[in-house]
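Survey of secondary and tertiary structure
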Amino acid sequence: MARKVPSINTSSSADISFLLLTFFLLTSNISSDQGIMRQLPKYSKDITQVDVEINTRNLLRVKVTNKNIVMVEGAKWTENNWIMLSDNRTDVNSTNAANYGGEISKLHEIAYEFFANARHEPDLPDTKSTPISEADFGDYPVTQGVISLECQNYATYETYIKVHNELSRAVNKLRDELSKEKYGKSFKVLEDSSEESDKEKVKAIKKAIPMNISESSSN
Amino acid sequence: MARFKKSGKKETPEINTGSMSDIIFMFLFFFMVITTMRESEAKVKFIPPTATEYQKLDKKNSYTVYMGEPTVQGAALLDNSVSIQFNDKLATSTTDEGLKLAVDEFVQSSRDASLLKDQDPDKITYYLKIDNKTRMTAVNQLKLALRKKNALKIQYATNKDVKKK
């Protein structure tokens, strides 16, 4: 006569897995980390003051003041008469609204126009035809424009990141347009791709549309 | 005529719980796949600013610096009562010299850890989790210290901006 194998009581395995589940819930975090990438310039001791001759048309000055007001000045944007952008709606809508050019989100339009210079205007940056070796890109008129970002000491980090975000937005838009025109794909798709040829294309586009930001701080 | 008989005993059948553990195990695996282990605990309060143009962080080769109001006692305070935390350690000094030492140690240990993990120590991303109320003096102080140690690739932590875009 065959003996019956007694079945194992499995009612507790649910409890055990519950415990494991709670353990993992407590020790892990879901939040995906993301942020704005930047490359800092190399530090050099000797050169404290660098006088680089930059043509006025090639320079866009962005200044974040202690009161978190963003001021923009460039050859096209009325010299010696800053455009003020503010994050604070009451500033923008107040009685002296005439002083304000709008909210910070307007900065990306200015930066876009500055870097693109689609109509080759004389008060927007010059371009210089540069050969780009990656991905058989060929020559491209690379903009000579530089954005100089100056931050006063009491400005808050929030405004600073907003300014960076707007500048990135302008550059990303330009890169995206070039990528679509040249390769028929959006820049984001190329960046996310793991193919070697796409990586070369990303490098080429980054060279064609560089993000030229120079930073300084002041009191 | 039909009759409805009431049966004498009425028992609710027992629910089979045999599959319960399988279901919970599936849950468990699901959570294990979508989450990551917490590496360091923030000892400072910080709410990152929001942005739309963010990029994903390469977690394999990145090390975190926190900056914000400390939640524990005994932290050295920078300007506007913020303090800096490197990976797990709060900075204990905020003089330029002390900060330099702390950054030196942090960058060195990051490079060692990166080498151990078979990553390129020159391609480390320093992930800066900074509270959005921090003043730029403190941020610039940190950036300068990182630059002096040739730690140049940084990423500012941001949250997704839900309103825009």
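Rules used throughout
Residues numbered from 1 in each chain as written. Chains lettered and ligands numbered in written order. Predicted model: local features only at pLDDT ≥ 70, side-chain atom pairs only at ≥ 80, totals over all residues. Helix = DSSP H or I, 4+ residues; strand = E, 2+ residues; numbered from the N terminus. Buried ≥ 20, exposed ≤ 12 C-beta atoms within 10 Å, placed from the backbone. Contact = placed C-beta atoms within 7 Å. Arc of directions from axis to C-beta. Nonpolar A, V, L, I, M, F, W, Y, C, P; charged D, E, K, R; others polar. Pairing = 2+ DSSP bridges. Axes fitted to C-alpha atoms, helices over the stretch in contact; angles between N-to-C directions. Parallel < 35°, antiparallel > 145°, perpendicular 65-115°, else oblique. Left-handed = near helix turned anticlockwise from the far one by under 90°.

1. A closer look at the overall build of chain A
Counting its secondary structure elements, chain A contains six helices and 10 strands. The burial tally for chain A puts 26% of its 219 residues in the buried class. Here the analysis covers contacts within chain A between residues at least 6 apart in sequence; of these, 58% occur between residues at least 24 apart.

2. A few points about the overall build of chain B
Looking only at helices and strands, chain B has three helices and 10 strands in total. Helices (α) and strands (β) of chain B occur, in sequence order from the N terminus, as α-β-β-β-β-β-β-β-α-β-α-β-β. Burial status across chain B gives 31% buried among its 165 residues. Relative to all contacts within chain B whose residues are 6 or more apart in sequence, the contacts with residues 24 or more apart total 70%.

3. Structural notes on the environment of Ile84(B)
Residue and element names in this part refer to chain B. Along the chain, Ile-84 turns up in strand β6 (residues 83–86). What makes Ile-84 buried here is the crowd of 28 C-beta atoms within 10 Å. In sequence terms Ile-84 and Pro-70 are 14 residues apart; their C-alpha atoms lie 8.3 Å from each other. Excluding residues that lie within four positions of it along the chain, Ile-84 makes contacts with Val-65, Met-67, Leu-78, Ala-91 and Leu-142.

4. As for the environment of Lys153(B)
All names here are of chain B. Topologically, Lys-153 is positioned in strand β9 (residues 153–157). A tally of 18 C-beta atoms within 10 Å means that Lys-153 is categorised as partly exposed. When the C-alpha atoms of Lys-153 and Thr-125 are compared, they prove to be 5.2 Å apart, with 28 residues separating the residues in sequence.

5. Some points on the environment of Gln34(A)
Note on placement: Gln34(A) falls in strand β2 (residues 34–39). Owing to 19 C-beta atoms within 10 Å, Gln34(A) belongs among the partly exposed residues under this scheme. Between the C-alpha atoms of Gln34(A) and Ile209(A), which are 175 residues apart in sequence, the distance is 23 Å. Excluding residues within four positions of it along the chain, Gln34(A) makes contact with Tyr54(B), Gln55(B), Lys56(B), Leu57(B) and Thr158(B).

6. Re helix α3 (residues 107–116) of chain A
All names here are of chain A. Of all the positions in α3, only Leu-107, His-108, Ile-110, Ala-111, Phe-114 and Phe-115 are classed as buried. Around the axis of α3, the buried residues are gathered within 160° of arc, so they sit on the same side. Check the buried side of α3 and you find it contacts β3 (59–64), β4 (69–74), β5 (83–86), β8 (138–143), β9 (146–152) and α4 (157–183). Backbone geometry just downstream of α3 places Asn-117 in the positive-phi region, at approximately 45°.

7. Here's the deal with the interface of chain A and chain B
Facing the 40 residues of chain A at the interface are 46 residues of chain B. Ranked by residues supplied to the side of chain A that touches chain B, first place goes to helix α1 (residues 11–27) of chain A with 10 residues. For the side of chain A that touches chain B, the class distribution of residues is 17 nonpolar, 17 polar and six charged. Looking at chain direction, β2(A) and strand β4 (residues 55–56) of chain B are connected through two bridges and run antiparallel. What sits directly across from Gly35(A), in β4(B), is Gln55(B).

8. Overview of the packing of α1(A) against helix α1 (residues 20–34) of chain B
It is the contact of α1(A) with α1(B), at a shortest axis distance of 8 Å, that shows an interaxial angle of 15°. By the criterion of interaxial angle, the relationship of α1(A) to α1(B) is roughly parallel. As for how α1(A) packs across α1(B), the hand of that crossing is left-handed. Here Ser13(A), Ala14(A), Ser17(A), Phe18(A), Leu20(A), Leu21(A), Phe24(A) and Leu25(A) of α1(A) come into contact with α1(B), specifically with Met20(B), Ser21(B), Ile24(B), Phe25(B), Phe27(B), Leu28(B), Phe31(B) and Met32(B).

9. Some points on the pairing of β6(B)
Residue and element names in this part refer to chain B. Burial of the side chains of β6 extends over both faces: Ser-83 and Gln-85 are buried on one face and Ile-84 and Phe-86 on the other. Sheet topology places strand β5 (residues 62–70) next to β6; four bridges connect them, and they run antiparallel. Residue Gly-68 lies in a different strand from β6, and its bridge partner there is Ser-83. In this structure, β6 lies alongside strand β7 (residues 89–90), joined through two bridges in antiparallel fashion. In the strand pairing of β7, Gln-85 is matched with Leu-90. Between β6 and β7, which pair antiparallel in sequence order, lie two residues; one of them, Asn-87, sits at a positive phi of approximately 45°.

10. Some remarks on unusual backbone geometry
Positive phi is not limited to glycine here, since Asn68(A) has a value of about 60°. Note on Asn68(A): 19 C-beta atoms within 10 Å, which makes it partly exposed. Look at Asp118(B): it is not a glycine, yet its phi comes out positive at around 65°.

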